[in-house]
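Chain by chain, the residues run as shown.
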Amino acid sequence: MPRIYNPEMECMDRESMRKLQSERLVATVKRCYETVPFYKRKMDELGVKPEDIRGVEDITKLPFTTKYDLRDEYPFGLQAVPMEKIRRIHASSGTTGKPVVATYTEADLDMWAECVARVMSVGDVGPGDVVQVSYGYGLFTGGLGAHSGAEKLGAIQLPTSAGNSKKQLMLMKDFGTTAIACTPSYALRLAEVMTEMGMSARDLKLRVGFFGAEPWTWGIRREIEKRFGIKAIDIYGLTEMCGPGVGGECEYQDGTHVWEDMFLPEIIDPDTLKPVHQGEEGELVFTSLCKEGMPMIRYRTRDLTHLIYEKCLCGRTAVRLGKILGRSDDMLIIRGVNVFPSQIETVLTEFPVFTPQYFITVDRKDNEDTFDLDVELRNEYFSPNPAKQMPYIKPLYDRIVSMVGIKPNIHILPPGTIERSSGKAKHVNDKRNLKDWK
Ligand code: DLL
């Protein structure tokens, strides 16, 4: 059994956890009210005073924070401490123009490193391990976040950052990398380049990978695990909470444990904004319980998932997130039907003749939505002759129609044609421009 980094927190009984969360919530709310004018204003508008919040049961009395609020308060409006206390600034590009800013005190950086260390402990990462960090270093939290987790565990950090795949693989082989951290789409790219270079998993010492920053399906996981002969662990996070490490999978790979002593999760109905029944699907909302620099109250992540409260076989009691289905703002409505790119990915990876790469283009012609899906046949099955492609298209088409409910125009492209990403993959071009934020 892999080591549990912080058994006291990760395996705490539910009653004690609720008590701890309540204490931390009360303190966070008080601090936000007293030091962040934005939160004072929001709470005053709702007629809520810090004294009204006595524990987690009062969470629904509090206002939400959205990406719009972060944009309006750009850059430091949500900060709860003076600038002299800040040690690092990160930012994510966000979808609303201005970047989303996150500032960290010394304690925040330490807490964040622990979050990632808890996830990497699942892969038994420790001294002697070479952790290749192939998330981008920079304002993006992936690189430095994964880096600090590996550092906390006393492992050897190999800060390759994303891109330059051939060199990544050369170093992976020559330095005996045992653990990698990158986006799942970049892991797939590295697998392809590995084959192109005539290398195989047998040339590597890779044992485990920590993949996240974008939704990925079981099909992609199987592909990565098979190609590299490793265990692929899901790591979840978002800039607004700290970055990677808000939660991670354990060796049972049945949901993502959330570090509940630091982040209080809720699931709400994105339309009514009311909590859903326990176990139901909805939008994930987080309140930070320990953050000093930029505490967040009820931050609406837009991620769609559900919470699993049953005890996990690994011994952790920390609540689990189901696989992230997608983001409410990623959801496409095509001919009135809700479609998530992850559904297409799931179907595609059921067909081994195709690579897991895909690209969706949605447009509107003559007042009707069009839905084009680019896919690639693997080398051994590809032929430019459309007649030879037909036997492959038909089963994929039928499966998409039955699972998703809409008819795609499938285009088969030669292998390697769809653009690969070294960071978060882009799977959709919605040319209709219908997207609107609430
Ligand atoms: O992507 C932080 C991160 C870096 C997480 C590296 C894991 C590994 P942002 O750029 O702010 O932060 O994007 C956060 O990415 O709300 C989800 O929609 C998505 N996301 C992150 N991890 C996962 C995951 C980083 N494991 C947004 N599965 C989140 C699915 C994920 N989606």
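Look up: the structure comes first, before these words.
In what follows, the accompanying structure is described. Fair warning: this is a prediction, and the values are worked out from it, not measured in the lab.

Sheets are built from strands paired through backbone hydrogen bonds, the pairs being either parallel or antiparallel. Ordered by their spatial adjacency, four strands build an open sheet running S20-S19-S18-S21, and the pairing between neighbours is mixed. Both edges of this open sheet fall to strand S20 (409-413) and strand S21 (428-430), since each of them pairs with a single strand only. Taking the axes of each pair of neighbouring strands and ignoring which way they run, one obtains an average angle of 15° across the sheet. Across three bridges, the pairing between strand S18 (residues 354-365) and S21 is parallel. By the bridge assignment for S21, isoleucine 360 is matched with valine 428. The strands touched by helix H11 (residues 386-404) are S18, strand S19 (368-377) and S20; relative to S20, the strand with the most contacts, the crossing angle is about 140°.

Time to look at the nonpolar core. One finds Met120, Phe210, Phe263 and Phe286 to be the most contacted residues of the largest nonpolar core, which totals 67 residues. Counting residues per element, this core draws most heavily on helix H5 (residues 106-121), at eight residues. Counting residues in hydrophobic clusters, the runner-up holds 23 residues, among them Ile344, Leu348, Ile400 and Ile412.

This paragraph deals with the packing of aromatic side chains. Going through the model one piece at a time under the given rule, you end up with eight aromatic pairs. Look at phenylalanine 38 and tyrosine 39: their rings are 4.9 Å apart centre to centre, the planes differ by 70°, and that puts the pair in the edge-to-face class. For phenylalanine 38, a relative accessible area of 3% puts it in the buried group. On the accessibility criterion, tyrosine 39 (1% relative accessible area) is buried. Relative to phenylalanine 286, the ring of tyrosine 236 lies with its centre 6.4 Å away and its plane at 40°, an arrangement referred to as tilted. Note that tyrosine 236 is positioned in strand S7 (residues 231-238) and phenylalanine 286 in strand S11 (residues 282-288), a separation of 50 residues in sequence. Taken individually, tyrosine 236 and phenylalanine 286 each receive the classification buried, so the pair is uniform in this respect. Following the ring pairs from residue to residue traces out a cluster consisting of Tyr236, Phe263 and Phe286. Here arginine 221 stacks its cationic end above the ring of tryptophan 218, 4.1 Å away from the centre of that ring. One Lys or Arg, lysine 323, reaches over the ring of tryptophan 216 and ends 4.3 Å from the middle of that ring.

Let's shift gears to helix H10 (residues 341-348). In terms of residue burial, H10 counts as a mostly covered element, since seven of its eight residues are buried. Looking at the buried positions of H10, the neighbouring elements they touch are helix H9 (218-228), strand S17 (337-339), S18, S19, H11 and S21.

To continue, consider the pattern of salt bridges. In the structure shown here, the tally under the stated rule is 35 salt bridges. The salt bridge involving lysine 30 is made with glutamate 34; its shortest N-O contact spans 3.2 Å. Remark: glutamate 34 and lysine 30 occur in helix H2 (residues 14-35); sequence separation between them is four residues, near one turn of the helix. Lysine 30 sits in the partly exposed class, given a relative accessible area of 44%. The shortest N-O distance in the salt bridge between lysine 152 and aspartate 110 comes to 2.7 Å. Of this pair, lysine 152 sits in helix H6 (residues 141-152) while aspartate 110 sits in helix H5; the two residues are 42 residues apart in sequence, bridging distant segments of the chain.

To continue, consider the layout of surface pockets. Quantified by volume, the second largest pocket comes out at close to 520 Å³. Lining the second largest pocket are 20 residues, and of these Arg18, Pro265, Glu266, Leu307 and Tyr309 sit closest to its centre. Going through the elements one at a time, H2 and strand S10 (263-268) are the ones with two or more residues in the lining of the second largest pocket. The greatest single-element share of the lining of the second largest pocket, amounting to four residues, is contributed by S10.

Take the sheet that holds S11 next. Judged by pairing direction, the sheet is antiparallel, and its four strands sit side by side in the order S10-S11-S12-S15 without closing on themselves. A single partner strand is all that each edge strand has here, and the edge strands are S10 and strand S15 (326-327). Summarising the sheet, S10 and S11 pair through six bridges and their orientation is antiparallel. Counted as the bridge partner of proline 265 is phenylalanine 286 from S11.

One can find methionine 199 in the loop between helix H8 (184-196) and strand S6 (208-212). For the pair methionine 199 and lysine 173, spaced 26 residues apart in sequence, the C-alpha separation works out to 9.3 Å. If sequence neighbours within four positions are ignored, methionine 199 has contacts with Leu169, Lys173, Met194 and Leu204.

Attention shifts here to the pairing of strand S12 (residues 299-305). Of all the seven residues making up S12, seven are buried; the element is thus mostly covered by neighbouring parts of the structure. Burial along S12 is two-sided: Tyr299, Thr301, Asp303 and Thr305 facing one way and Arg300, Arg302 and Leu304 facing the other are all buried. Here four bridges tie S11 to S12, and the two strands are oriented antiparallel to one another. Across the sheet, the residue bridging to glutamate 283 is leucine 304, located in S12. Both S12 and S15 contribute to a ladder of two bridges, which runs antiparallel. Directly across from leucine 304, in S15, lies its bridge partner glycine 326.

Another aspect to go through is the side chain of arginine 378. Structurally, arginine 378 is set in the loop between S19 and H11. A distance of 3.1 Å separates a polar atom in the side chain of arginine 378 from a polar atom in the side chain of glutamate 223. When sequence neighbours within four positions are dropped, the list of residues in contact with arginine 378 reads Glu223, Arg227, Pro352, Val353, Phe354, Thr355, Pro356 and Pro415.

Criteria and thresholds
- Residues numbered from 1 in each chain as written.
- Predicted model: local features only at pLDDT ≥ 70, side-chain atom pairs only at ≥ 80, totals over all residues.
- Heavy atoms only, no water.
- Pairing = 2+ DSSP bridges.
- Helix = DSSP H or I, 4+ residues; strand = E, 2+ residues; numbered from the N terminus.
- Axes fitted to C-alpha atoms, helices over the stretch in contact; angles between N-to-C directions.
- Contact = heavy atoms within 4.5 Å.
- Core = buried A, V, L, I, M, F, W, Y, C linked by side-chain atoms within 4.5 Å.
- Buried < 20%, exposed > 50% of the residue type's maximum accessible area, 1.4 Å probe, protein only.
- Phe/Tyr/Trp six-rings, centres within 6.5 Å; stacked < 30°, edge-to-face > 60°.
- Lys NZ or Arg CZ within 6 Å of the ring centre and 35° of its normal.
- Salt bridge = Lys/Arg side-chain N within 4 Å of Asp/Glu carboxyl O.
- 1 Å grid on protein atoms, 1.4 Å probe; cavity = no way out; pocket = protein on both sides within 12 Å on 5 of 7 lines; lining within 4 Å.
- Points joined across faces, edges and corners; volume = space filled by probe spheres on them.
- Polar contact = N/O pair within 3.5 Å; in protein donor to acceptor, adjacent residues only side chain to side chain.

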